[in-house]
Amino acid sequence: MAGKGGNTDCMSCSVLNWEQVSRLHEVLTEVVPIHGRGNFPTLKITLKDIVQTVRSRLSEAGIVVHDVRLNGSAAGHVLVKDNGLGCKDLDLIFQVSLPSEAEFQLVRDVVLRSLLNFLPEGVSKLKISSVTLKEAYIQKLVKVYTESDRWSLISLSNKHGRNVELKFVDCIRRQFEFSVDSFQIILDSLLFYYDYSETPMSEHFHPTVIGESMYGDFEAAFDHLQNKLIATKNPEEIRGGGLLKYSNLLVRDFRPMDKREIKTLERYMCSRFFIDFPDILDQQRKLETYLQNHFSKEERSKYDYLMILRRVVNESTVCLMGHERRQTLNLISLLALKVLAEQNIIPNATNVTCYYQPAPYVSDVNFSNYYLANAPVPYSQSYPTWLPCN
């Protein structure tokens, strides 16, 4: 376990041990491909190199980087190797000041121009503009500028789902969903070591690296990660309520730390999710994107995930009208059946509800499936969009 000491007199911080520092070094020096669209070549980068390049260029541009942190599943992997969450997105946080729109634009331009350093030899860089680099290598660009949140996200594309995400944060209200994904590892001491030391690291000679849990209690969050426990605070503050991540933890055999409290938390999760995604098309886009980003190489887990999500929504949704709730449940069921169809798996029909969409003429008052000798009885009721087969 990470041990207490040094500047870690607060409950949220801890010093990494040698095994964890060694694993952090492996993460920072691993070559990660950034795939270009069209004919653009693949960039081969390491987190160490992209951090050093971006930080140096930001400094030249007059933007001070207060510290750089490894965040999310990669930080969890460093602390506990086989934690059940894997190490997918490689999230880096740069603590900077973003007082105006100009700084946001400058940060974006610096990152894009930094990518030129990683183009293969022989590629002419003279006519490659920032716009071209954005179209070729950027998976996602996000900017949030409100009174309580000022940050931007630049995601570098990897077709296997291991996107390198550079997040530039001035202030942010909520930095975690659950205790197990609340860890941040401050990289500055290790980056300084890379720059100025020629001595290889060893168990007896390595920099002091600090880890922090945004959950507020490092030891508690570390215990949750080791023992695959689910705990959070105020899920109604999380965009989407943490509902999709919660179902993801359940499918990976994490279990609630407090089984009585979790039912209340589930209701908050569902309520916030439907506040943020009230429209069925928004829900569909969010679910499909989540499946693509978090289950890219885990096709067989998608169905189980959707069934767990459906159960939570069915049992804990209290904020929707009956037809809205059924509509969302139907959407999840259809996505689950689509997953099975893509895998050529025929499910046990006793455990599956299937849905079909009636042809437009079914709602015609003069339509009947059967020949009737007498005049047809007019239908007075309207048909829902989706009808259950059973």
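Our subject is the structure that appears above.
A brief look at the structure comes next. For clarity, every value in this text was computed on a predicted model and none was experimentally measured. (Residues numbered from 1 in each chain as written. Predicted model: local features only at pLDDT ≥ 70, side-chain atom pairs only at ≥ 80, totals over all residues. Heavy atoms only, no water.)

## Some thoughts on the packing of aromatic side chains
Here's step 1: Overall, the coordinates contain 13 aromatic pairs when judged by the stated rule.
Here's step 2: Note on Tyr-290 and Tyr-305: the rings are 5.8 Å apart at their centroids and 15° apart in plane angle, and the pair reads as stacked. Of this pair, Tyr-290 sits in helix 10 (residues 280-294) while Tyr-305 sits in helix 11 (residues 299-316), and the two are 15 residues apart along the sequence.
Here's step 3: Through successive ring pairs, a cluster of aromatic residues spans Phe-183, Phe-218 and Phe-222.
Here's step 4: Directly above the aromatic system of Trp-151 lies the positively charged group of Lys-167, at a separation of 4.4 Å from the ring centroid. (Phe/Tyr/Trp six-rings, centres within 6.5 Å; stacked < 30°, edge-to-face > 60°. Helix = DSSP H or I, 4+ residues; strand = E, 2+ residues; numbered from the N terminus. Lys NZ or Arg CZ within 6 Å of the ring centre and 35° of its normal.)

## As for the pattern of salt bridges
Opposite charge on two side chains lets them pair, provided their charged atoms get close.
Here's step 1: Enumeration over the complete set of coordinates arrives at 22 salt bridges.
Here's step 2: Asp-195 is the partner of Arg-55 in a salt bridge, and the nearest nitrogen-oxygen pair spans 3.9 Å. Here Arg-55, found in helix 2 (residues 47-60), pairs with Asp-195, found in helix 6 (residues 188-196); they are 140 residues apart in sequence, far enough to count as distant.
Here's step 3: The partner of Glu-315 in a salt bridge is Lys-263, and the shortest N-O contact between them spans 3.3 Å. Highlighted residues: Glu-315 in helix 11 and Lys-263 in helix 9 (residues 259-276), separated in sequence by 52 residues.
Here's step 4: By relative accessible area, which is 46% here, Glu-315 ends up partly exposed.
Here's step 5: Residue Lys-263 is classed as partly exposed on the basis of its relative accessible area, which comes to 35%.
Here's step 6: One continuous salt-bridge network, built from bridges that share partners, spans Lys-263, Glu-266, Arg-311 and Glu-315. (Salt bridge = Lys/Arg side-chain N within 4 Å of Asp/Glu carboxyl O. Buried < 20%, exposed > 50% of the residue type's maximum accessible area, 1.4 Å probe, protein only.)

## Describing helix 8 (residues 243-251)
Here's step 1: Counting buried positions over the 9 residues of helix 8 gives 9, a clear majority of the element.
Here's step 2: For helix 8, every residue scored as buried is listed here: Leu-243, Leu-244, Lys-245, Tyr-246, Ser-247, Asn-248, Leu-249, Leu-250 and Val-251.
Here's step 3: Those residues of helix 8 that are buried lie in contact with strand 11 (229-230), strand 12 (255-256), helix 9, helix 10 and helix 11.
Here's step 4: Just past helix 8, the residue Asp-253 takes up positive phi, approximately 70°. (Contact = heavy atoms within 4.5 Å.)

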